[in-house]
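Given next are the chains, with one letter for each unit.
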Amino acid sequence: MAGAAANRRRRASAESGKRLKSNGTDSPAPVVAADGSQSLAGIMPESWAARSLTERGARLAAKEWISFARLRQYPIWRPLPTWLVLGGRGAGKTRLGAEWVHGLVNRYPSFAKREHCRIALVGETLSDVREVMIDGPSGIATIARGERPDFQTSRKRLVWPNGAVAQIFSSEDPDSLRGPQFDAAWCDELAKWRYPDACFDMLQFGLRLGDRPVQLFTTTPRPIPLMRRLIGDDAVTVTHMRTTDNAANLGAGFIASIERRYGGTRLGRQELEGELIEDRPDALWTRGALEAGRGGPPERLGRIVVAVDPPASSSGRSDACGIVAAGLETEASAVVVADRTIGSAKPGEWAGRALALYHELEADCIVAEVNQGGEMVAAVFQSIDPSVPIRQARATRGKWLRAEPVAALYEQGRVRHPVPLPALEDEMCDFGPSGLSGGRSPDRVDALVWAITELLLSRRASPRVRGTV
């Protein structure tokens with residue numbers, strides 16, 4: 001019986017494939033599921049909907065957002081009443097917002113249905129609402145299908161033939177949100193609003209229609225207080241989208257060009273990766289200072305060291321092993337050239353990674369903190385490669401006190417990072433008197449401190465000069 005059923009499914013698949021080809025499609029036939037249903041996984045592999053819908057469903061949805069949206073852009077999972085979308089430039093945030101409004105107005109099943117849909121459209125300025133959210137290349141009017149909305153200039157609103165209405169508001173005038181009431185709101189570029197808290201508060205009082213008012217915020221993140229509150233709120237669904245996720249819809253060469261210039265920098269991580277990047281007020285380092293000191297690659301390096309901050313154990317919950325390499329650019333200045341930190345690794349694994357970096361850079365020695373493992377740390381290295389010189393470092397002061405003189409060298413312009421080292425720099429800019437804000441061990445910072453201390457604060461001689469690293 002099972003074999004007969006399988007044969008029937010295979011025949012159905014073959015026949016369906018023939019029908020598709022007879023319509024001018026040279027793509028593979030649909031995939032037949034165990035229950036006999038078909039999906040278009042083989043026909044449109046770039047579409048998540050094609051992998052999820054039956055053939056008939058996908059044909060009906062061919063011109064709709066569900067057929068070509070990325071999974072993160074479509075509310076198939078029924079997000080909480082507040083949906084915060086953090087995305088890079090060109091990541092598809094505006095299209096998501098416009099299609100979200102389109103879905104609400106047309107009462108699509110995956111969207112919260114509204115009998116009398118009244119929507120607030122809030123942007124940085126009224127001009128932004130009109131030029132970006134409504135009439136822009138991915139705006140509501142541009143992507144509209146079927147019954148198109150009419151913009152009533154004098155009343156500052158969009159009106160659909162089915163009775164749905166969307167009023168426009170500016171973040172420059174929070175009081176304009178007093179009085180009107182809505183069952184939905186799309187708010188664009190929240191991080192750029194002139195009065196974000198006041199506008200947000202007035203909007204919450206106006207979202208009082210229907211059984212379940214909903215609101216969508218699409219924005220490139222910036223560390224404003226309201227943004228931090230929303231991200232930390234359990235009642236908010238947070239979605240991250242990167243610019244590279246939408247590369248197929250961007251100009252040729254744009255991604256490569258923008259990554260080459262801004263990849264790994266604070267601005268790039270904010271504007272391309274959609275990350276919320278903050279500096280801790282009491283941290284020893286700031287991102288602005290680190291990026292200001294980038295400069296170009298060093299022409300040559302003198303002494304090079306690989307510093308290792310070993311974890312106390314090798315369990316799955318152990319700290320990471322900090323592995324950072326730095327070299328002398330002049331007798332009085334250094335550059336940090338690599339961060340190869342590894343998490344939750346066994347001694348042989350982290351020692352092997354440090355030794356690989358040592359040989360890659362033709363370093364002079366490995367500096368290893370031995371407070372946790374004592375002689376065992378040096379023994380691990382020696383067991384793998386006895387020829388490598390190991391300089392043992394023993395901490396006699398707390399992490400903050402050891403890091404302060406190294407931070408002072410950065411302030412003097414004597415230490416720089418020629419290329420971005422995002423994970424290391426995140427720790428540096430989050431390292432305060434009490435350690436890292438999340439309570440984790442600052443393993444990368446510890447390794448960095450040992451490397452720079454060995455190069456600039458121990459007054460050791462430079463044995464040789466190398467070419468560019």
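Above this text you will find the structure in question.
Residues numbered from 1 in each chain as written. Predicted model: local features only at pLDDT ≥ 70, side-chain atom pairs only at ≥ 80, totals over all residues. Heavy atoms only, no water.

Q: Looking at this model, I keep getting lost on the environment of Ala-289. Mind explaining?
A: Within the element layout of this structure, Ala-289 appears in helix 11 (residues 287–292). Sequence-wise, Ala-289 and Gly-413 are 124 residues apart; in three dimensions their C-alpha atoms are separated by 9.3 Å. (Helix = DSSP H or I, 4+ residues; strand = E, 2+ residues; numbered from the N terminus.)

Q: Can you help me understand the environment of Glu-369 in this one?
A: If you trace the backbone, Glu-369 turns up in strand 14 (residues 365–369). Residue Glu-369 is classed as buried on the basis of its relative accessible area, which comes to 8%. Residues Glu-369 and Val-308, spaced 61 residues apart in sequence, show a C-alpha to C-alpha distance of 6.5 Å. When near neighbours in sequence (up to four residues on either side) are disregarded, Glu-369 contacts Val-308, Asp-309, Pro-310, Val-377, Ala-393, Ala-395, Arg-402 and Trp-450. At 2.8 Å, the side chain of Glu-369 forms a polar contact with the side chain of Trp-450. (Buried < 20%, exposed > 50% of the residue type's maximum accessible area, 1.4 Å probe, protein only. Contact = heavy atoms within 4.5 Å. Polar contact = N/O pair within 3.5 Å; in protein donor to acceptor, adjacent residues only side chain to side chain.)

Q: For this particular structure, what's the right way to read the layout of surface pockets?
A: Where empty space is left becomes clear once a probe the size of a water molecule has been rolled over the atoms. Computed from the structure, the largest pocket encloses a volume of approximately 720 Å³. Forming the boundary of the largest pocket are 34 residues, of which Gly-90, Gly-92, Lys-93, Thr-94 and Arg-95 lie nearest the centre. Secondary-structure elements contributing two or more residues to the lining of the largest pocket are helix 4 (93–105) and helix 5 (126–134). Within the lining of the largest pocket, the residues separate by chemical class into 10 nonpolar, 11 polar and 13 charged. (1 Å grid on protein atoms, 1.4 Å probe; cavity = no way out; pocket = protein on both sides within 12 Å on 5 of 7 lines; lining within 4 Å. Points joined across faces, edges and corners; volume = space filled by probe spheres on them. Nonpolar A, V, L, I, M, F, W, Y, C, P; charged D, E, K, R; others polar.)

Q: Explanation requested: unusual backbone geometry in the structure shown.
A: One non-glycine residue, Lys-156, lies in positive phi territory at about 55°. For Lys-156, the location among the structural elements is in the loop between strand 5 (150–152) and strand 6 (157–159). Using a relative accessible area of 41% as the deciding quantity, one classes Lys-156 as partly exposed. Phi is positive for Glu-362, which is not a glycine, with a value near 55°.

Q: Any chance you could explain the side chain of Arg-402 here in plain terms?
A: Here Arg-402 lies in helix 14 (residues 399–411). We classify Arg-402 as buried; its relative accessible area is 10%. Not counting residues up to four positions away in its chain, the partners in contact with Arg-402 are Glu-369, Ala-395, Arg-397, Asp-446, Val-449 and Trp-450.

Q: Please clarify how the packing of helix 14 against helix 16 (residues 443–457) should be interpreted in this entry.
A: What describes two packed helices is the angle between their axes and the distance between those same axes. One way to put it is that helix 14 packs onto helix 16 with a least axis distance of 9 Å and a crossing angle of 60°. Comparing the axis directions of helix 14 and helix 16 gives the class oblique. The way helix 14 lies across helix 16 gives a crossing that is left-handed. Residues Lys-399, Arg-402, Ala-403, Pro-405, Val-406, Leu-409 and Tyr-410 of helix 14 touch helix 16, and the partners they reach there are Asp-446, Leu-448, Val-449, Trp-450, Ile-452, Thr-453, Leu-456 and Leu-457. Within the contact of helix 14 with helix 16, the residues separate by chemical class into 11 nonpolar, 1 polar and 3 charged. (Axes fitted to C-alpha atoms, helices over the stretch in contact; angles between N-to-C directions. Parallel < 35°, antiparallel > 145°, perpendicular 65-115°, else oblique. Left-handed = near helix turned anticlockwise from the far one by under 90°.)

Interpretation in functional terms is not warranted from these geometric data alone.
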